[in-house]
Every structure is written in structure tokens, then in C-alpha cells.
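Single-letter residue listing:
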Amino acid sequence: MDSQKMILNEPRAMWLVTITLILINFIFYYFHIGGPEILTLVGDLFPVICSLFAAGALFRVTFYLKTWDLTKTAWLLLAFGLFCWFLGESSFAVTELALGRTPSVPSMADGFWLCGIFPIIAALTMFIYGYHRTGFIIGHTMKYVFVIAAVSMLEIILISKICMPILYAPISILEKIFTLVYPILDMVILMLVFFLVLITSVLGKGLLSKPWKYLVIGFAMISVADILYSYYNWLGAYNTGSYIDIIWNSGYLFIALSAFYQKDLMEKY
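This structure is a prediction, so every number in the text was calculated from the model and none was measured. (Residues numbered from 1 in each chain as written. Predicted model: local features only at pLDDT ≥ 70, side-chain atom pairs only at ≥ 80, totals over all residues. Heavy atoms only, no water.)

## Looking at the overall build of the chain
Here comes step 1: Of the regular secondary structure elements, the chain holds eight helices and zero strands.
Here comes step 2: When the helices and strands of the chain are placed in sequence order, the string is α-α-α-α-α-α-α-α.
Here comes step 3: Its C-alpha radius of gyration of 19 Å places the chain within 12% of the 18 Å reference for a compact globule of 269 residues.
Here comes step 4: Overall, the chain is about 50 × 45 × 30 Å in size when its C-alpha atoms are taken along their principal axes.
Here comes step 5: Taking all 269 residues of the chain together, 48% fall into the buried category. (Helix = DSSP H or I, 4+ residues; strand = E, 2+ residues; numbered from the N terminus. Rg over C-alpha atoms; globule rule 2.2 N^0.38 Å. Buried < 20%, exposed > 50% of the residue type's maximum accessible area, 1.4 Å probe, protein only.)

## Considering the layout of surface pockets
Here comes step 1: As a volume, the second largest pocket reaches approximately 220 Å³.
Here comes step 2: Around the second largest pocket, the lining comprises 14 residues; the ones closest to its centre are Ala-150, Leu-154, Met-187, Leu-190 and Ile-227.
Here comes step 3: Put simply, the parts of the chain that give the lining of the second largest pocket at least two residues each are helix H5 (141-167), helix H6 (173-201) and helix H7 (210-235).
Here comes step 4: The element contributing the most residues to the lining of the second largest pocket is H5, with seven residues. (1 Å grid on protein atoms, 1.4 Å probe; cavity = no way out; pocket = protein on both sides within 12 Å on 5 of 7 lines; lining within 4 Å. Points joined across faces, edges and corners; volume = space filled by probe spheres on them.)

## Notes on the pattern of salt bridges
Here comes step 1: By the definition in use, this model includes two salt bridges.
Here comes step 2: The residue Glu-10 makes a salt bridge to Arg-60 at a minimum N-O spacing of 2.6 Å. Of this pair, Glu-10 sits in helix H1 (residues 2-31) while Arg-60 sits in helix H2 (residues 35-64), placing them 50 residues apart in sequence.
Here comes step 3: You can call Glu-10 buried: its relative accessible area is 18%.
Here comes step 4: Note on Arg-60: relative accessible area 30%, which makes it partly exposed.
Here comes step 5: One salt bridge in this structure joins Lys-263 and Glu-267, with 2.8 Å as the shortest N-O distance. Taken as a pair, Lys-263 and Glu-267 lie in helix H8 (residues 243-268) at a separation of four residues, close to a single helical turn. (Salt bridge = Lys/Arg side-chain N within 4 Å of Asp/Glu carboxyl O.)

## A look at unusual backbone geometry
Here comes step 1: In the Ramachandran plot, His-32 falls in the positive-phi region, its phi being about 55° despite a non-glycine side chain.
Here comes step 2: For His-32, the position within the fold is in the loop between H1 and H2.

## A closer look at the nonpolar core
Among soluble globular proteins, nonpolar side chains are generally buried collectively.
Here comes step 1: Among the nonpolar cores identified, the biggest contains 78 residues, and Leu-78, Leu-82, Trp-85, Leu-124 and Phe-219 are the most heavily contacted of them.
Here comes step 2: With 15 residues, H6 is the single largest residue contributor to this core. (Core = buried A, V, L, I, M, F, W, Y, C linked by side-chain atoms within 4.5 Å.)

## A look at the packing of helix H3 (residues 70-97) against helix H4 (residues 108-133)
Here comes step 1: Across the interface, H3 lies against H4 with an axial gap of 7 Å and an inter-helix angle of 160°. Judged by the inter-axis angle, H3 sits roughly antiparallel to H4. Read as a crossing pair, H3 and H4 show a hand that is left-handed.
Here comes step 2: Counted by class, the contact of H3 with H4 contains 25 nonpolar, seven polar and two charged residues. (Axes fitted to C-alpha atoms, helices over the stretch in contact; angles between N-to-C directions. Parallel < 35°, antiparallel > 145°, perpendicular 65-115°, else oblique. Left-handed = near helix turned anticlockwise from the far one by under 90°. Nonpolar A, V, L, I, M, F, W, Y, C, P; charged D, E, K, R; others polar.)

Written out as C-alpha cells, the structure reads:
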């Protein structure tokens, strides 16, 4: 009975952790507690902690699945992608805290972040393919056409307002590539997770659809943070301890929440 109660309360406990971490993060950034040194420490360590929550929660779902099939492979790829992002956050933190300098673009952290994007895209594609292969009811086609059109419009705005100025800026080719690749690939991730939400929305607002809804919120936040980071970093206006970091950290925590709800779902069905 006690173990069953723990299972039922795990998502609620993760909600408490999420709200607490975001609130602490905001308090430090708003009141500048401890001065610039503490602000840098918090700004570097919080993304490491939050991305570790996301990667750990996703690996936990993967190991819970007993049969090695398409679903388990997809969760493993998703977990591996977030683990790469955790390594990216850790590399960034070590460079700033131990070496005393902000990593340039590109850096080792960029390599880890970029390596994580492709398994994430592969995982989300596999989830969609798995639903399609099992004959799952996916709803009206027009909803997917609308998502493609909306994301395409966002992509056009992104390219015209942010990407084109960076493309013609007097910076190195590598810096241009690593500045532009995140927001562009984030749009691909965003479209895939929206597809998953649309597919599972036919199940209503219950537990079955919650993992995907929190997953889309998490990746949407990370996508917004990536776009803002690329733009402000290009302008030279980004510093660790920016409110952009809170959006990033919240994204990681919502991805962790989605994994907790997914495990809760598997425990019940």
C-alpha cells in the first residue's frame, strides 16, 4: 500500500521540486543575492542540476521498460540526447567556474548540445512512427497541416528577423553555424512534439496525454531560450544569470515531469 502511494505521489513530488527550483532560481536572479560571483555560480549550476533531472528521469523510464522494442529505443535515444545536453551544461559550467572564462562559440559545450539534438529528433520521429504503425487514431489531418503551417511561419520569421542578420554578420563561419543551428533545429523538435500532442489529444485530458503535453512545454521553453540566447549572444548582450537561463531550466524540469508522468502511466496500465 505504501509503495503504491509513493508511485501515485511521484509526479506531485516532481512538481514540488520543479516549483521550488524555479522559485529559488528567480529569487537569486531578481535580488542578486551574494553578488556577481554567487550569481555566476547559481547561473552555471542550476542548468546542470535541471538537465540532470531530465536525463535521469528519462533513463529511468527506459530502464523500466522490459521489452527492447521501438518504444524502448525511442526513450533511450531521448534520454541520451538529454544526457548530451547535461554534458554540455556541465562543460559550460566547468569552463566558467574552474577556468574563469565564458566559453566562446563554438566550444566543447556546443559539441555536446549539438550531438544531443539528433538523437532527440530521431526519438520523437520514432514515437510518431510507432503510433502510426499501431493504427492509433490520430485525428483530423487539418490539425497537422495547421501545425506545419504555423511552425513554417515561425521559421520564416526566425530566418528573416534573426538568422539573416547573423548570417551576414562579420563573424567566423563556425560561429555562424553554431549560432544558427540551435533555433533552426529546435523548430524541427517543436513540430515533432506538437504532432505527438495532437496524436495523444484524442485520448482527452487524462494521464495518457500528460507526458506528451509536458514534453512539448519543456521543448517549447528550451526552443524559446535557444532563440533568445542565439540573438543576444550575437549582440554580445548575454551573460550567465540572465532570465533566459530560467526559461532553459524550466524546460529541463518540464521534460523531467513528462518522464515522471510516463512512468506513472506505465505503472497503472
